[in-house]
Amino acid sequence: MKKILLFGLIVFSFMFINTSSVVNAESKPYWERYFDEKYPNGLHSTDNHDCEGCSGGNSQWKDIERTFRLEEVGGSGNSTPYLEAIYFTENTIFNNVEEVSVKSSDESIMTAEVKPYDFSKEKENFNKYVEEYNKRSLEEFNKWIGGDYSSKPTWWEFHNLEKEETWWEFYGFDTEPVNAVQVITHAKDLGNVTLTVSAKNKSDIHINWKMRIVDYLKQEGALQILNNLERYKDVIPGSTGDFLSNGEDYTFSVKLDKNEDISALINSLKGKDIKVLINGYVLNGKDITSNVNKGFTYDYSISMDTSINKDKINSLVELKDAIYVDFVYHGVLPTPYNLSIDVGYYMRSQYNKNEEEVKQYLKDKKFTLLYYNQDTNRMEVVKENLVVNENGKLNITFDHFSSYVLVPSDDYKMVNTSNNVTSNNAQTSSMDIVLYSVLAVSSLVGIVYIIVSKKRRKIA
């Protein structure tokens, strides 16, 4: 019996330990998980799009300044017939050093380790190129480089070198490297951190990292920053200096999936002096005064052909040249939303009209914005006498998301107007229903109270 109990205890303990490790892994802060997944072999310190002030390969023994922006961009390279001194590590290399150690000023942001580096891949890169170069005939060589040489130069003449070089000379070393090490950095968070590198018979040097805020954050990363502003105050400037084509600035952008729920993002941004670019729209936290419900998104669709409520809308109003505007989220907004509708574009694409025809059509044309109220199954007039600008666009401010339709003011007609109530406020009808419900409940409570009171008096 004791053996069975002991075995059960061991199994339970094993399961608990494994379960705990899984939970801990999943509960890591966003940025730590981000760096673990994207840079499992260490933070890139080569000269690439992520890092400003980074030098690839062998580094001199002196202080280094680096800014890591983590921009979510891609790059592509072209193959070249020229030999390049490519380093096969993305970490910092120091040559001819002994007893090297590294210490981080803040291990919650970055840690580092030192490992030997033997340059074997660099040597292989050099030897492979020279071997391939030498075995090509003159015809193959000209085809390879796209040239027209009458005689084939040596590989080092082709590279404008004065003499044939060894692999280490080509890589810039006076002698073959010895006692080389690489400093591998492991980022865990955004912030400013200094790595102090020490070596035998050398003065300490410093690698100063600035882990700057990301341009194009995912929502989870943005939430970690917004919910911990004191922690990230050093990496959030008043503005990143990023500007839209209209000159408007913003602090950072949030990259979203289609129809992604951003209610948590909006509610965390509320009241904070930070500008965030969301789906091309700049939203200032200072302008947000109220929370939004789950499911909130700025995503929408505009079409002259389709709408999620097209059949219902068309049964309530006769339309011509109608532009349907459907917001995925239906409800009140945290702050007014400005939408630019390119009326000219839709007219050209729908009716194959040329630029001049559209321009004449839109001249002095006035538009009306109608709102489909799902609660009452009625069409309501939201805005009238709207006029496009010189670019054929119409700028409309919304304080409520739902299904809308934009029509020329003289080209629509309400159907069965007794069942349709026009209003200048898209939320009026919904608010009336709530108000009437409150009044009805209040009246019912009052009636019940009077009846109960009378019964109590009779009993007394």
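Our structure's up above, just so we're on the same page.
Okay, so let's go over this structure. Residue positions are given per chain, counted from 1 along the sequence in the order it is written. Local features are withheld for residues below a pLDDT of 70 in this predicted model, meaning they are given only at 70 or higher, and side-chain atom pairs are given and counted only at 80 or more; totals for whole chains, interfaces and linings count all residues. Where side-chain values are given, they derive from all heavy atoms of the structure, hydrogens and water being excluded.

1. Observations regarding the pairing of strand β8 (residues 202-211)
Part 1 of the argument: In terms of strand pairing, strand β2 (residues 64-68) meets β8 through five bridges, oriented parallel. Opposite Arg66, over in β8, you have Trp209 as the bridge partner.
Part 2 of the argument: Here eight bridges tie strand β7 (residues 191-199) to β8, and the two strands are oriented antiparallel to one another. Its bridge partner being in β8, Gly191 is matched across the sheet by Met211.
Part 3 of the argument: Hairpin connection of β7 to β8: two residues between the antiparallel strands, including Asn201 at a positive phi of 60°. Strand pairing is assigned whenever DSSP detects at least two bridges linking the two strands. For the purposes of this entry, the term helix denotes a DSSP run of H or I that reaches at least four residues, the term strand denotes a run of E that reaches at least two, and both are numbered from the N terminus.

2. Let's talk about the nonpolar core
Part 1 of the argument: Grouping buried Ala, Val, Leu, Ile, Met, Phe, Trp, Tyr and Cys residues that are joined through side-chain atoms within 4.5 Å yields what is termed a nonpolar core. Think of it in three bands: residues with accessible area under 20% of the maximum for their type are buried, residues over 50% are exposed, and the middle band is partly exposed, with areas taken using a 1.4 Å probe on protein chains only. By size, the foremost hydrophobic cluster in this structure holds 79 residues, and its most contacted members are Met211, Ile341, Val343 and Leu406.
Part 2 of the argument: No other element matches the eight residues that strand β17 (residues 323-342) contributes to this core.
Part 3 of the argument: Contacts of Leu406, omitting those with residues within four sequence positions, involve Asp321, Ala322, Ile323, Ile341, Val343, Phe367, Thr368, Leu369, Leu386, Leu394 and Ile396.
Part 4 of the argument: Within the second largest apolar cluster, 18 residues are counted, among which are Leu83, Phe141, Trp155 and Phe158. Throughout, a residue-residue contact means that at least one pair of heavy atoms, one from each residue, lies within 4.5 Å.

3. Here's the deal with the sheet that holds strand β3 (residues 92-94)
Part 1 of the argument: With respect to topology, three strands assemble into an open sheet ordered β3-β6-β5, the strand pairing being antiparallel. Two strands bound the open sheet, and with one partner strand each, they are β3 and β5 (110-116). Here the average twist between neighbouring strands, direction ignored, is 25°.
Part 2 of the argument: Where β5 meets strand β6 (residues 181-187), seven bridges bridge the pair, whose relative direction is antiparallel. By the bridge assignment for β6, Pro116 is matched with Val181. Structural elements are reduced to axes, namely lines fitted to C-alpha atoms, with helices fitted over the stretch in contact, and the angle between N-to-C directions of any two is expressed from 0 to 180 degrees.

4. Overview of the sheet that holds strand β19 (residues 378-386)
In sheet architecture, strand pairing relies on hydrogen bonds along the backbone and comes in two forms, parallel and antiparallel.
Part 1 of the argument: The strand order β15-β17-β20-β18-β19 describes an open sheet built from five strands, whose pairing is antiparallel. Where the open sheet ends on each side, the last strands, each with one partner, are β15 (300-303) and β19. Neighbouring strand axes in the sheet, compared pairwise and without regard to direction, differ in orientation by 25° on average.
Part 2 of the argument: Strand direction decides the pairing type here: strand β18 (residues 367-373) and strand β20 (residues 393-408), joined by six bridges, are antiparallel. Within β20, the position partnered with Thr368 by the bridge is Val407.
Part 3 of the argument: Helix α10 (residues 343-351) contacts β15, β17, β18 and β20 of the sheet and is inclined by roughly 45° relative to β17.

5. Topic: the environment of Tyr34
Part 1 of the argument: In this structure, Tyr34 sits in helix α2 (residues 30-38).
Part 2 of the argument: Taking the C-alpha atoms as reference points, Tyr34 and Lys188, 154 residues apart in sequence, are found 8.2 Å from one another.

6. Points about the packing of α10 against helix α11 (residues 355-362)
Part 1 of the argument: Closest axis-to-axis distance for the α10/α11 pair is 10 Å, and the angle between their directions is 125°. Our classification of the angle between α10 and α11 gives oblique. Considering the relative orientation of α10 and α11, their crossing is right-handed. Across the interface between the two elements, Val343, Gly344, Met347 and Arg348 of α10 pack against Glu355, Val358, Tyr361 and Leu362 of α11.
Part 2 of the argument: For the contact of α10 with α11, the class distribution of residues is five nonpolar, one polar and two charged. Should an angle fall under 35 degrees it is called roughly parallel, over 145 degrees roughly antiparallel, and 65 to 115 degrees roughly perpendicular, with every other angle called oblique. By convention the crossing between two helices is left-handed if the near helix lies anticlockwise of the far one by an angle smaller than a right angle, and right-handed if it lies clockwise. By the convention adopted, Pro, Cys, Tyr, Trp, Phe, Met, Ile, Leu, Val and Ala count as nonpolar, Lys, Arg, Asp and Glu as charged, and the other residues, Gly among them, as polar.

7. Looking at the packing of aromatic side chains
Part 1 of the argument: To pair, rings of Phe, Tyr and Trp, with the six-membered ring standing in for Trp, must have centres within 6.5 Å; the planes then decide the type, stacked if under 30 degrees apart, edge-to-face if over 60, and tilted in the middle. A complete count under the given rule lists 43 aromatic pairs for this structure.
Part 2 of the argument: Ring geometry for Tyr30 against Tyr34: centres 6.1 Å apart, planes inclined by 40°, an arrangement best described as tilted. Here Tyr30 pairs with Tyr34, and both are found in helix α2, just four residues apart, close to one helical turn.
Part 3 of the argument: Note on Tyr30: relative accessible area 10%, which makes it buried.
Part 4 of the argument: The interplanar angle of 65° and the centroid separation of 5.4 Å between the aromatic rings of Phe141 and Tyr149 together place this pair among those described as edge-to-face.
Part 5 of the argument: Here Phe141 falls in the buried class, since its relative accessible area comes to 0%.
Part 6 of the argument: Put simply, the rings of Tyr281, Phe296, Tyr298, Tyr300, Phe327, Tyr329, Tyr337, Tyr371, Phe398, Phe401 and Tyr404 pair up and form one aromatic cluster.
Part 7 of the argument: By definition here, charges over rings are those cases where NZ of Lys or CZ of Arg is within 6 Å of the ring centre and within 35 degrees of the ring normal. Over the aromatic face of Trp144 sits the side chain of Arg136, whose NZ or CZ is 4.2 Å from the ring centroid.

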